[in-house]
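An overview of the molecular structure
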Amino acid sequence: MNRSEDDVDVAEAVHRTAEDIGSMEIRGAATIAAAAAKALGEQAAASEAESPEEFRAELRAAARVLYDTRPTAVSLPNALRYVFRDVEGETVERLRASVRASVSEFCRRLDTAQKDLGRVGANRLRDGDTLLTHCHSTDVLACVETAVEQGKSLSAYVKETRPRNQGHITAEALTELGVDVTLIVDSAARRYLNEVDHVLVGADSIAADGSVINKIGTSGLAVNARDRGTPIVCAAQTIKLHPDTLTGQTVDIEMRDEREVISESEEREIGEITVLNPAFDVTPPRYVDAIVTERGQFPPESIVTLMRELFGESTSEPWTET
Ligand code: RI2
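So, here's what we can say about the structure.

Conventions we followed
- Residues numbered from 1 in each chain as written.
- Predicted model: local features only at pLDDT ≥ 70, side-chain atom pairs only at ≥ 80, totals over all residues.
- Heavy atoms only, no water.
- Helix = DSSP H or I, 4+ residues; strand = E, 2+ residues; numbered from the N terminus.
- Rg over C-alpha atoms; globule rule 2.2 N^0.38 Å.
- Buried < 20%, exposed > 50% of the residue type's maximum accessible area, 1.4 Å probe, protein only.
- Contact = heavy atoms within 4.5 Å.
- Areas by Shrake-Rupley, 256 points an atom, 1.4 Å probe, with all protein chains shown as cover.
- Lys, Arg positive; Asp, Glu negative; His and termini not counted.
- Charge placed at Lys NZ, Arg CZ, Asp CG, Glu CD.
- Near = heavy atom within 4 Å.
- Polar contact = N/O pair within 3.5 Å; in protein donor to acceptor, adjacent residues only side chain to side chain.
- 1 Å grid on protein atoms, 1.4 Å probe; cavity = no way out; pocket = protein on both sides within 12 Å on 5 of 7 lines; lining within 4 Å.
- Sits in = over half its atoms within 2 Å of the grid points.
- Nonpolar A, V, L, I, M, F, W, Y, C, P; charged D, E, K, R; others polar.
- Domains from an automatic or database assignment.
- Phe/Tyr/Trp six-rings, centres within 6.5 Å; stacked < 30°, edge-to-face > 60°.
- Pairing = 2+ DSSP bridges.
- Axes fitted to C-alpha atoms, helices over the stretch in contact; angles between N-to-C directions.
- Core = buried A, V, L, I, M, F, W, Y, C linked by side-chain atoms within 4.5 Å.

In terms of regular secondary structure, the chain is built from 11 helices and 12 strands. In terms of overall size, the chain behaves like a compact globule, its C-alpha atoms giving a radius of gyration of 21 Å where 322 residues would be expected to give roughly 20 Å. Dimensions of the chain, computed from the C-alpha atoms along their principal axes, are close to 65 × 50 × 40 Å. Per-residue burial for the chain yields a buried fraction of 55% across its 322 residues. Across the chain, every contact between residues at least 6 apart in sequence was considered, and the portion connecting residues at least 24 apart equals 77%. With the model as given, the accessible surface of the chain reaches about 14600 Å², and the carbon-plus-sulfur share is 46%. A gap of 5 Å separates the mean positions of the 35 positive and 56 negative side-chain charges of the chain.

What follows is the structure, encoded as structure tokens:
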């Protein structure tokens, strides 16, 4: 156990998960959500709390450590919220058991949601279609996997997705599914859009107005796709819906280390420059044809109805309560 800022014991496993999320060893909005929930389970298992109050204080401290890792993917706080919602018990043992149950139920639902979403997304894809992808999204891959299982033959242009080249992960996953993959640099996307039937992207957060917050480069791709008349579809489980945006808050865009863009020696050679590395951008709803979720397909402008149904008007942050 490690002492947190609040002088409360936080399990080593929680710190390890937080580090892995921060360094993107664990990445992708759904994967981050599952890892954060499991880390709360590990916190509960490792707790040596002597009272329910102490146990709850530790759980809140662990959630804050996880919450502070990456700011854009709302799946992380949504996962923490889900686990906290069901934590009940008058003894430490009962609390521990309820965290465990809540974590496994959350992970089960996440898995089911992705499979259900995959079936909805696959309905859009026809045999012989060509896709264009950006970054690496397990929600997107779920749609493709289901379509392939239905016997559809697909091909894909895969953008490499600078600066971390997460398109390579997509290229490998699609190849394993039997999709015919062509890797392109990001700036080549417009050239090939005429040959593409669907642009398929994931999301880290969806705002109440239907804006899609996804890996940097998505918004430019969407504008180009609209210009070329190529439909752009976002595959996002409802855990990506950002409840705070219902009350006018905006989504924080993560700025990452400049070393992901350029090495120190390369930068020195160029001279005095500023390097900016935003990880995400915002695509306005008018450039998105549909958001595919496990609850069906929605025009982006109507996603707010689903958001209200799932979250109500406001959300709590149980890890900030004292
Ligand atoms: P799934 C990723 O962010 C990408 O932006 C991707 O579209 C999104 O998460 C959703 O991923 P990062 O964590 O939940 O790589 O669909 O920065 O797997």
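There's plenty left to go through after this.
With that out of the way, let us pick up the site of the ligand. Near the ligand there are 19 residues, and of these Arg27, Ser137, Thr138, Asp204 and Asn214 occur at the shortest range. The separation between an oxygen atom of the ligand and a polar side-chain atom of asparagine 214 is 2.6 Å. Contact distances for the ligand include 2.8 Å between an oxygen atom and a side-chain N or O atom of lysine 215. Out of a free accessible area of 450 Å², the ligand has 100% covered by protein chains. Assessed atom by atom at 2 Å from the grid points, the ligand resides in the largest cavity. Elements supplying a minimum of two residues to the shell around the ligand: helix H2 (29-46), helix H6 (138-149) and strand E8 (212-215). Tallied by class, residues from the shell around the ligand come to 6 nonpolar, 7 polar and 6 charged. In terms of domain composition, the shell around the ligand takes at least three residues from each of domain 1 (12-116) and domain 2 (123-311).

So, about the packing of aromatic side chains. Tallied over the full model, the rule gives 4 aromatic pairs. Measuring from centroid to centroid gives 5.2 Å for tyrosine 67 and tryptophan 319, while their planes differ by 40 degrees, and the two rings are tilted. One end of the pair, tyrosine 67, is in helix H3 (residues 52-67); the other, tryptophan 319, is in the segment after helix H11 (303-311), and 252 residues separate them in sequence. For tryptophan 319, a relative accessible area of 0% translates into the label buried. Centroid distance tyrosine 82 to phenylalanine 106: 5.3 Å. Interplanar angle 50 degrees. Geometry classified as tilted. Separated by 24 residues along the polypeptide, tyrosine 82 in helix H4 (residues 75-85) and phenylalanine 106 in helix H5 (residues 92-124) bring together distant segments of the chain.

What follows concerns the sheet that holds strand E10 (residues 280-283). The strand order across the open sheet built from 3 strands is E7-E8-E10, with neighbouring strands paired in antiparallel fashion. A single partner strand is all that each edge strand has here, and the edge strands are strand E7 (205-206) and E10. Looking at chain direction, E7 and E8 are connected through 2 bridges and run antiparallel. Note on E8: the bridge partner recorded for isoleucine 206 is valine 212. Taken strand by strand, helix H9 (residues 218-228) contacts E8 and E10, and its axis lies near 35 degrees from that of E10.

Bringing the nonpolar core into the picture now. With 39 residues, the main nonpolar core has Leu40, Phe55, Leu66, Leu80, Val99 and Phe106 as its most contacted residues. Sorting the residues of this core by element identifies helix H1 (12-22), H2, H3, H4 and H5 as the ones contributing at least two each. A total of 9 residues in this core trace back to one element, the largest contributor, which is H2. Grouped together as the second largest cluster of nonpolar side chains are 29 residues, Leu193, Ala203, Ile232 and Leu246 included.

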